[in-house]
Protein chains: 2
Amino acid sequence: MELDERKLTILEAIIRTYLETGEPVGSRTISKYTALNLSSATIRNEMSDLEEMGYIVQPHTSAGRIPSDKGYRLYVDHLVKEKTQQVTALNSLMIYKTNRMEEILKQVVRMLAANTQYTTMISAPSYKRNKVKFIQLSKLNERQLLNVVVIEGNIVKNHIIDLTENIDEESVLKLNLLLNTRLNGLTLADINLGLISNIKEEAGIHSEIISEVLDTIADVIRAETDEDMEIYTSGANNIFKYPELSDSEKASRLITTLEEKDLLADFVKDTEQKEEKGDTGIQVYIGEESPVEAMKDCSVVTATYELGDGMQGTIGIIGPKRMDYEKVMNNLKSLKTSLTEMFKEDKPPENKVDSGKK
Amino acid sequence: MELDERKLTILEAIIRTYLETGEPVGSRTISKYTALNLSSATIRNEMSDLEEMGYIVQPHTSAGRIPSDKGYRLYVDHLVKEKTQQVTALNSLMIYKTNRMEEILKQVVRMLAANTQYTTMISAPSYKRNKVKFIQLSKLNERQLLNVVVIEGNIVKNHIIDLTENIDEESVLKLNLLLNTRLNGLTLADINLGLISNIKEEAGIHSEIISEVLDTIADVIRAETDEDMEIYTSGANNIFKYPELSDSEKASRLITTLEEKDLLADFVKDTEQKEEKGDTGIQVYIGEESPVEAMKDCSVVTATYELGDGMQGTIGIIGPKRMDYEKVMNNLKSLKTSLTEMFKEDKPPENKVDSGKK
DNA sequence: ATTAGCACTCAACTGTTTGGAGTGCTAACA
DNA sequence: TGTTAGCACTCCAAACAGTTGAGTGCTAAT
C-alpha cells in the first residue's frame, strides 16, 4: 500500500488534532475539520489503511486513533514546519547573566522549562580537550600547597595539596617552572601517569617532595577529567501536566531518572555522536527510540550548543510523546544558536567577572 | 480530662500500629494486640476521650482513628525511644570519600535516602563567617588577572578579572601586598564596600587600574557571600512509596519544592535558629508545623552537623506524617555525630587531596 | 470511488447493592 | 464505678448492572 497525498493529509490532521487535544481522534472529527470534504466513512477506510501501515493505533476498539511512534517519526521528519520563532525570554535572560557558568546553565534550563512547560535538561560542556594555559603552585604553609590550573576557556581548577614533609620556597619555584614548561599547551586528557613519570625522570627527581607533589597533581587532574558529566534539570513537576505520564508508577521512574544524572548522560552522549556524524541540528527521540528505559513513554528533543574552543554541551527537552514538536524544535533551534552566539561574543563565561557592571 | 497512664498506652499503641500499617486503627485491633486485656468497648470509650483531647482523629465516621499532628507531637516528644542505632552504611561511605565537599554531600544524602526510603536533603555549610587566610592575584596576560582567595577551612575561591586597561607586574605586586595586609583575618562578611573604599583611600589611589581591581574584588566577594545556600536532595521518587503523598496534585507540589532550593532553605534556617537557642539535637516538623506550605502533609526531621571552624550544615529527611520517627531520628542522630566526627578528624574536606591515597 | 446506514463494541459514567469494619449507646455485670 | 456484651447505625469500598455516546467495520446503494 502506498502513502499517497490524501493519506498523508489525513495522517497529519490526525496527529495535529491529537497533539492539541490529547484525545484519540475519530473519523468524524477529521471529516468535519479538514478541507478534503470527505465523509467520515471514507476517512474511516483511509484510517484503517493508515493503521495497517503502522502510522496510527487504536487504544481499544471503538476508540479513535492516536499516532504510533512511526507516525510521530514521519511527522517530525516531514511535516514539522520551520518557523522563525520568537526567541521569547532569552533576552531577559541576558540581564541576569552572572559570572558563573553553572548559574547560567541553571537559568537557561529553568527558563526553558517555564517556557515550554516540559521538563528540561542541560549538560555542562566537558573541557577534557581544553589546553592548559597556566599552572601555579603557592605555598600556604610548611605542609600545604595551593595548586591552581587555568585552562582554555578560562576555567580555573584549584586544589590544596597536603604534604607529608616540609617544603621550601625554592622547590616551589622549581616546580612552578617545571610544570609550566612541560604542561602548558597540553590538554587535560593528555596529562597521564606516563607523562608525569617522564617529567620526574627528566627533572632528575631531586627530592622526594617534588615527586610527591607531581604525583598528587597527576591524581588531581585525572580525577578532574574522570568526573562525571554535570547535568542540570528543571521543571520535573511538569510531567504532572500530562496524565499519560503522571501515574505513580511512571512518574516515579521518571523522577528517578532525572535524579540519576548518568542516565541522562546517555542522551548527551548519543546526541553528541549523532551531531558528529554530520546529523547536525536537532535530535528527536520518540518513545522506544530513547536510549533510556524509563523514557519509553516520552519523547526527548535535544541539541548541542557550542562554546568555542571546541567545547560543547547539550540541551534537552523531555515531554510526553504528544509534545508540541513544532514549538519545541523551533524553540530549541533558536536557543541553540542564541546560546552559541552568547558564549561566542562574550567568552569565557566561567568565572568571568564583568568588571564594569555592578 | 487527664491523660492517664492507660490512655497513654492506648495512644501509643494506636500510633505505633498506624505507623506500621498506614490504615486507620480500630478499637478491636488495640484490644487484641495490647497487653492491657481490655475489651474493644472499653478501648472505644478511651478512644473517644483521646479524640476529644485532640490526639487522634477519625477520617470519617465508622473508620478507625489516626493520630493528629498533636498526637504525633506527643509521640515524638515523649514516646520515641533512643536506640543505639547501627550506623548502617556510613562506613562504606568513608571508602568513597573523595576530595570534594560537594561530592561528599551528594553521597551522604543519597545514602541516607536509600537507607531510610524517604526523601532527603543536605545543605552545604555556609562560610560567610570564615576568615580570609590568603589572597593572591596572578597576571594571566595584559588584560586579565586571576584572583584566588583561600579562607578558613581551606576553601578556595577564584575569579578571573577582566581589565579595561593594561596592568604591569609592579601594580600586581602592590595589590597583593595591600590585599593580604588588609584583608587577611577578616571574615567574608566583614568585607564590604566601605572597607574597600577605606583601603583605596589609604593606598592613595595610585592609579585607576588599582581602584578597578579593588572594586571588582569587592564585588566578587560580595557575590560569593550573597550566593544562595547550596542544597542537595535525593530520593525524590520515594514520595511515591506513600499513597498519601503520591496523588498528582501533592506530588507535583512536593517535586516543585524540592527543585526550588530556596524553599528548602527555610528548613535550614529554622533548624539553625532552633539549635542556636540551645535546642540541640534533632528537630521535627510535623505537618502544619512546617515552615513550607507544600509540606503540610509531610513531616520533616532535621539536624545540623559541624565542620569545625564554626561552619555548620543541615541534614533533613522528608517523609509522610506517618514516617518511622524512631528510625529516622536515631538514624539522623548517629549520622550527625558521624559526619561531625568525620569532618573533624579529617578537615578540611573541600578541595583536600589525600596525597597518600590514589 | 464514495457515501449513507446500521449493527456492534467498549470505556466511562451512574446508580444500586452488598459486605465489612468500625463506632456509639445502652443495659447488664463484677 | 469501671468494664463488658450486644446491637443498631454509619460509611467506605468493591462489585454489579444499566445507560450513554463516541467510534468503528461492514454492506449496499449511489
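Residues numbered from 1 in each chain as written. Chains lettered and ligands numbered in written order. Predicted model: local features only at pLDDT ≥ 70, side-chain atom pairs only at ≥ 80, totals over all residues. Heavy atoms only, no water.

When you go through chain A residue by residue, the secondary structure sums to 12 helices and 11 strands. Per-residue burial for chain A yields a buried fraction of 54% across its 358 residues. Partitioning the intrachain contacts of chain A with sequence separation of at least 6 by distance along the chain shows that 61% fall at a separation of at least 24. Approximately 16,100 Å² of chain A is accessible, and the part contributed by carbon and sulfur atoms is 48%. (Helix = DSSP H or I, 4+ residues; strand = E, 2+ residues; numbered from the N terminus. Buried < 20%, exposed > 50% of the residue type's maximum accessible area, 1.4 Å probe, protein only. Contact = heavy atoms within 4.5 Å. Areas by Shrake-Rupley, 256 points an atom, 1.4 Å probe, with all protein chains shown as cover.)

Judged by nonpolar contacts, the single largest core of 122 residues is most densely connected at Met295 of chain A together with Ile122, Leu137, Val213, Met295, Tyr325 and Leu339 of chain B. In terms of residue count, helix H12 (residues 325-345) of chain B provides more of this core than any other element does, 8 residues in total. Once you skip the residues sitting within four places of it in the chain, Ile122 of chain B turns out to touch Leu105, Val108, Val109, Glu230, Ile231, Tyr232, Tyr305, Thr314, Ile315 and Leu339 of chain B. In this structure, Leu175, Ile191, Tyr242 and Val284 of chain A belong to the second largest nonpolar core, which totals 82 residues. (Core = buried A, V, L, I, M, F, W, Y, C linked by side-chain atoms within 4.5 Å.)

So, on to the packing of aromatic side chains. All told, the structure shown has 9 aromatic pairs over all chains when counted by the stated rule. With a centroid separation of 6.3 Å and 65° between ring planes, the pair formed by Tyr75 of chain B and Tyr325 of chain B is classed as edge-to-face. In this pair, Tyr75 of chain B sits in helix H4 (residues 69-79) while Tyr325 of chain B sits in helix H12, placing the two residues 250 residues apart along the sequence. Judged by relative accessible area, Tyr75 of chain B falls into the buried class, the value being 2%. The exposure class of Tyr325 of chain B is buried, given its relative accessible area of 0%. Clustering of aromatic rings is evident, with ring pairs tying together Tyr72, Tyr75 and Tyr325 of chain A. Positioned above the aromatic ring of Tyr55 of chain A, the side-chain terminus of Lys70 of chain A is 4.6 Å from the ring centre. (Phe/Tyr/Trp six-rings, centres within 6.5 Å; stacked < 30°, edge-to-face > 60°. Lys NZ or Arg CZ within 6 Å of the ring centre and 35° of its normal.)

Relating one copy of the chain to the other requires a rotation about an axis plus a shift along that axis. Mapping chain B onto chain A is achieved by rotating through 179° and translating by 0.0 Å along the same axis, at an RMSD of 0.1 Å. As the rotation angle and translation indicate, the two copies are arranged about a two-fold axis. Here 96% of the contact residues of chain B are again contact residues in chain A; the copies associate through an equivalent surface. (Least-squares fit on C-alpha atoms with pLDDT ≥ 70 in both.)

This part covers the pairing of strand E5 (residues 144-151) of chain A. All names here are of chain A. Across the 8 residues of E5, 8 count as buried, placing the element largely inside the fold. Residues Gln144, Leu146, Val148 and Val150 line one face of E5 and the alternating positions Leu145, Asn147, Val149 and Ile151 line the opposite face, and both faces are buried. Here strand E4 (residues 132-141) pairs with E5 via 8 bridges, running antiparallel. Note that in E5 the partner of Asn141 across the bridge is Gln144. Counting the residues between successive antiparallel strands, the hairpin from E4 to E5 contains 2 residues. As judged from the 8 bridges shared by E5 and strand E6 (residues 155-162), these two strands associate in the antiparallel manner. Paired with Asn147 across the bridge in E6 is His159. Between E5 and E6, which pair antiparallel in sequence order, lie 3 residues; one of them, Gly153, sits at a positive phi of approximately 85°. (Pairing = 2+ DSSP bridges.)

A few words now on the protein's contact with DNA strand D. DNA strand D sits among 19 residues. The nearest are Ser27 of chain A together with Arg6, Thr42, Thr61 and Ser62 of chain B. Restricting attention to atoms of DNA strand D within 4 Å of the protein, one finds that 75% of them are sugar or phosphate atoms. Here a phosphate oxygen of DNA strand D sits 2.6 Å away from a polar atom, N or O, in the side chain of Ser27 of chain A. Arg6 of chain B has a polar side-chain atom sitting 2.7 Å from a phosphate oxygen of DNA strand D. Listed by contribution, the elements that provide at least two residues to the surface near DNA strand D are helix H3 (40-53) of chain A together with helix H3 (40-53) of chain B. Sorting elements by how many residues they give to the surface near DNA strand D places H3 of chain B first, with 4 residues. A per-class count over the surface near DNA strand D returns 4 nonpolar, 11 polar and 4 charged. (Near = heavy atom within 4 Å. Polar contact = N/O pair within 3.5 Å; in protein donor to acceptor, adjacent residues only side chain to side chain. Nonpolar A, V, L, I, M, F, W, Y, C, P; charged D, E, K, R; others polar.)

Close contacts around DNA strand C come from 20 residues, with Arg6, Thr42, Thr61 and Ser62 of chain A together with Ser27 of chain B the closest. Near the protein, within 4 Å, the atoms of DNA strand C are sugar or phosphate in 75% of cases. Arg6 of chain A has a polar side-chain atom sitting 2.9 Å from a phosphate oxygen of DNA strand C. Here a phosphate oxygen of DNA strand C sits 2.6 Å away from a polar atom, N or O, in the side chain of Ser27 of chain B. Taken together, the elements giving at least two residues each to the surface near DNA strand C come down to H3 of chain A together with H3 of chain B. The element best represented in the surface near DNA strand C is H3 of chain A, accounting for 4 residues.

Facing 46 residues of chain B, the contacting portion of chain A comprises 44 residues. Between chain B and chain A the total buried area reaches about 3,800 Å² when both faces are included, carbon and sulfur atoms providing 48% of it. Applying the counting rule to chain B against chain A returns 8 residue pairs in polar contact (both at pLDDT 80 or more). Among the secondary structure elements, those contributing two or more residues to the side of chain B that touches chain A are helix H6 (101-116), strand E4 (132-141), strand E5 (144-151), strand E6 (155-162), helix H9 (208-226), strand E7 (231-234), helix H10 (248-259) and strand E11 (352-353) of chain B. Split into classes, the residues belonging to the side of chain B that touches chain A amount to 13 nonpolar, 17 polar and 16 charged. (Buried area = accessible area lost by both parts, 1.4 Å probe.)

Moving on, we get to the sheet that holds strand E10 (residues 312-320) of chain A. Residues and elements named next belong to chain A. Reading across the sheet, the 5 strands line up as E7-E3-E10-E9-E8 and stay open at both edges, with antiparallel pairing between neighbours. The strands lining the two open edges of the sheet, one partner per strand, are strand E7 (231-234) and strand E8 (283-286). Averaged over all pairs of adjacent strands, the angle between their axes in this sheet comes to 15°, without regard to strand direction. For strand E3 (residues 119-123) and E7, the ladder comprises 4 bridges, and the chain directions are antiparallel. Pairing of Thr120 across the sheet is with Ser234, part of E7. (Axes fitted to C-alpha atoms, helices over the stretch in contact; angles between N-to-C directions.)

Residue and element names in this part refer to chain A. Packing of helix H7 (residues 169-183) against helix H8 (residues 193-203) leaves a shortest axis separation of 11 Å and a crossing angle of 130°. Our classification of the angle between H7 and H8 gives oblique. Relative to H8, H7 is oriented so that their crossing is right-handed. Here Leu178, Arg182 and Leu183 of H7 come into contact with H8, specifically with Leu195, Ile199, Glu202 and Ala203. When grouped by side-chain class, the residues that make up the contact of H7 with H8 number 5 nonpolar, no polar and 2 charged. (Parallel < 35°, antiparallel > 145°, perpendicular 65-115°, else oblique. Left-handed = near helix turned anticlockwise from the far one by under 90°.)

Reading predicted coordinates in detail is not appropriate for stretches of low pLDDT. All names here are of chain A. In this model, chain A carries an average pLDDT of 86, and 90% of its residues clear a pLDDT of 70 or more. Averaged pLDDT values over the elements of chain A bottom out at 38 in strand E11 (residues 352-353) and peak at 98 in strand E2 (residues 66-67). Confidence drops under a pLDDT of 50 for residues 92-98, and excluding neighbours within four residues, the segment shows 10 contacts in the predicted structure. Note that residues 346-358 has pLDDT below 50 and, in this model, 36 contacts with residues that lie over four places away or in other chains. (pLDDT = per-residue confidence, 0-100.)

Another aspect to go through is helix H7 (residues 169-183) of chain B. Residue and element names in this part refer to chain B. Helix length check: H7, at 15 residues, gives a terminal C-alpha distance of 21 Å against a target of 21 Å (1.5 Å per residue), a fit within 8%. Looking at the buried residues of H7, the elements they touch are E4, E5, helix H8 (193-203) and H9. Count one or two residues on from H7 and you reach Gly185, which has phi positive near 90°. (Expected span 1.5 Å × (residues − 1).)

With that settled, the discussion passes to the packing of helix H10 (residues 248-259) of chain A against helix H11 (residues 261-276) of chain A. All names here are of chain A. Closest axis-to-axis distance for the H10/H11 pair is 5 Å, and the angle between their directions is 80°. On the basis of their axis angle, the class for H10 and H11 is roughly perpendicular. Only Lys261, Leu263 and Leu264 of H11 make contact with H10, whose side of the interface consists of Thr257, Leu258 and Glu259.

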